[in-house]
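Each chain is listed here by its residues.
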There are 2 protein chains.
Amino acid sequence: MPTHQSAVSAQRAPHPINFGQKLSLIADHWQPRVVAEMNDYQFKLVRIAGDFVMHSHADTDETFIVLHGQLRIDFHDGHVLVNPGEMYVVPKGVEHKPYAAQEVQMLLIEPRGVVNTGDQGGERTAPNDVWI
Amino acid sequence: MPTHQSAVSAQRAPHPINFGQKLSLIADHWQPRVVAEMNDYQFKLVRIAGDFVMHSHADTDETFIVLHGQLRIDFHDGHVLVNPGEMYVVPKGVEHKPYAAQEVQMLLIEPRGVVNTGDQGGERTAPNDVWI
């Protein structure tokens, strides 16, 4: 596993994180990859396409920042469309389902340990805390 | 003060945050404006130009995501350059000084309550927790 700055107190990283370069290392959809940590929060890059499962995170809000493509987040009472240069925070406990008609590349921000399927689990659950 | 979603449990926002639209509401440099919250963390947009003061935040890491322009972060032992599409996390306790030869527009992420000058204080300290 790569070392990262938060594991070493007060050691600053030598270089910034470049989203495009990191995304070039990701081949699969729906497999979030950790690229940085801030305190006990993680920044994860992910490529998605198609539909996901409705789920929620009981203990935390979850932030989506879209870098490429148009993300649709479905809720029981509607949806939001999130384009590049936009962000959306799903409040804790709110059921949501990401959807991408065409590939979306995005940055997720959430506390360390949060899994992609939240309370739902199941076969779409990706390995957690995988760094690139 | 505007209401915001995190003040109302499990109320989701009707629309995403558009960085460009929010930045169009900011005229002054070095005046961070809060645009969203995730748990007890805030997302702040800021325009900067020129030099700042060397400072640190004893209790928290601080994240910089550059949207426009080239950010230079000076440290006592060197610097990093952060371009659009890149992010950098300054570890807690590490003295740093943002610098922008030309205007930089960026997103800051840090816990609610963190002030821009950290432990340094002084005249460059901006009002905190100002929403747009």
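The name recorded for chain A in an unreviewed UniProt entry is Cupin type-2 domain-containing protein, from Achromobacter agilis.

**Q** Can you help me understand the pattern of salt bridges in this one?
**A** Two side chains of opposite charge can pair, provided their charged atoms sit close to one another. All names here are of chain A. For the coordinates displayed, the defined rule picks out 14 salt bridges over all chains. Arg 112 is paired through a salt bridge with Glu 37; the nearest N and O atoms lie 2.9 Å apart. Placement of the pair is Arg 112 in the segment after strand E8 (97-111) and Glu 37 in strand E2 (residues 33-38), with a sequence separation of 75 residues. Overall, the relative accessible area of 42% leaves Arg 112 in the partly exposed class. With relative accessibility at 3%, the residue Glu 37 sits in the buried group.

**Q** What is the right way to look at the UniProt feature "domain: Cupin type-2" (unreviewed entry) in chain A in this model?
**A** Mapped onto this numbering, the UniProt entry gives "domain: Cupin type-2" (unreviewed entry) at residues 51-107 of chain A. Segment residues 51-107 of chain A splits into 0% helix and 60% strand. End C-alpha atoms: 18 Å apart.

**Q** Whenever I open this one, the relation of the copies chain A and chain B confuses me. Can you help?
**A** Superposing chain A onto chain B takes a rotation of 180° combined with a translation of 0.0 Å along the rotation axis, leaving an RMSD of 0.0 Å. With respect to symmetry, the two chain copies, as superposed, fit the operation of a two-fold axis. Looking at chain A, 100% of its interface residues are interface residues in chain B too, so the copies touch through the same face.

**Q** Just checking my understanding: could you explain the packing of aromatic side chains for this structure?
**A** The description of an aromatic ring pair rests on the distance of the ring centres and on the angle between the ring planes. Residue and element names in this part refer to chain A. Inspection of every chain in the model, using the stated rule, returns 5 aromatic pairs over all chains. Here the aromatic rings of Trp 30 and Phe 52 are separated by 4.5 Å at their centres, their planes lie at 15°, and the arrangement is stacked. Placement of the pair is Trp 30 in the loop between helix H1 (19-23) and E2 and Phe 52 in the loop between strand E3 (41-51) and strand E4 (62-68), with a sequence separation of 22 residues. Each member of the pair, Trp 30 together with Phe 52, is buried.

**Q** I tried to follow the side chain of B:Asn39 on my own but got confused; where do I start?
**A** Within the fold, B:Asn39 resides in the loop between strand E2 (33-38) and strand E3 (41-51). Overall, B:Asn39 belongs to the buried group, its relative accessible area being 19%. Within the local environment of B:Asn39, its side chain forms a polar contact with the side chain of A:Thr60, the two groups lying 2.7 Å apart. With residues near it in sequence (within four places) discarded, B:Asn39 still touches A:Tyr41, A:Thr60, A:Asp61, A:Pro111 and B:Arg112.

**Q** I would appreciate a short explanation of the side chain of B:Ser56 in the present structure.
**A** Residue placement: B:Ser56 occurs in the loop between E3 and strand E4 (62-68). Sequence-distant contacts of B:Ser56, that is, excluding residues within four places in its chain, are made with B:Gly93, B:Val94, B:Glu95, B:His96, B:Gly118 and B:Asp119.

**Q** Where do I start with the interface of chain A and chain B in this structure?
**A** Interfaces are frequently sized by the accessible area removed from exposure as the parts join. Taken together, the contacts link 42 residues of chain A with 42 residues of chain B. Between chain A and chain B lies a buried interface of about 3200 Å² when both sides are counted; carbon and sulfur atoms form 58% of it. Viewed at the interface, chain B and chain A are joined by 2 salt bridges. A salt bridge links B:Asp77 to A:Arg12, with the nearest nitrogen and oxygen atoms 3.1 Å apart. Taken together, the connections running from chain A to chain B amount to 16 residue pairs in polar contact (both at pLDDT 80 or more). Looking at the side of chain A that touches chain B, the elements that each hand over two or more residues are strand E1 (17-18), E2, E3, E4, strand E6 (78-82), strand E7 (86-90) and E8 of chain A. Of the residues forming the side of chain A that touches chain B, the biggest block, 5 residues, is contributed by E6(A). Partitioning the side of chain A that touches chain B into residue classes produces 23 nonpolar, 11 polar and 8 charged. As paired elements, E7(A) and strand E1 (residues 17-18) of chain B share 2 bridges and run antiparallel to each other.

**Q** Please clarify how the environment of B:Ala58 should be interpreted in this entry.
**A** All names here are of chain B. In this structure, Ala 58 sits in the loop between E3 and E4. On the basis of relative accessible area, Ala 58 is assigned to the exposed category, the value being 59%. For the pair Ala 58 and Gly 118, spaced 60 residues apart in sequence, the C-alpha separation works out to 7.8 Å. Other than its neighbours up to four places away in sequence, Ala 58 contacts Lys 92 and Gly 93.

Criteria and thresholds
Residues numbered from 1 in each chain as written. Chains lettered and ligands numbered in written order. Predicted model: local features only at pLDDT ≥ 70, side-chain atom pairs only at ≥ 80, totals over all residues. Heavy atoms only, no water. Salt bridge = Lys/Arg side-chain N within 4 Å of Asp/Glu carboxyl O. Helix = DSSP H or I, 4+ residues; strand = E, 2+ residues; numbered from the N terminus. Buried < 20%, exposed > 50% of the residue type's maximum accessible area, 1.4 Å probe, protein only. UniProt positions renumbered as here; feature names shortened; annotations may be inferred. Least-squares fit on C-alpha atoms with pLDDT ≥ 70 in both. Contact = heavy atoms within 4.5 Å. Phe/Tyr/Trp six-rings, centres within 6.5 Å; stacked < 30°, edge-to-face > 60°. Polar contact = N/O pair within 3.5 Å; in protein donor to acceptor, adjacent residues only side chain to side chain. Buried area = accessible area lost by both parts, 1.4 Å probe. Nonpolar A, V, L, I, M, F, W, Y, C, P; charged D, E, K, R; others polar. Pairing = 2+ DSSP bridges.

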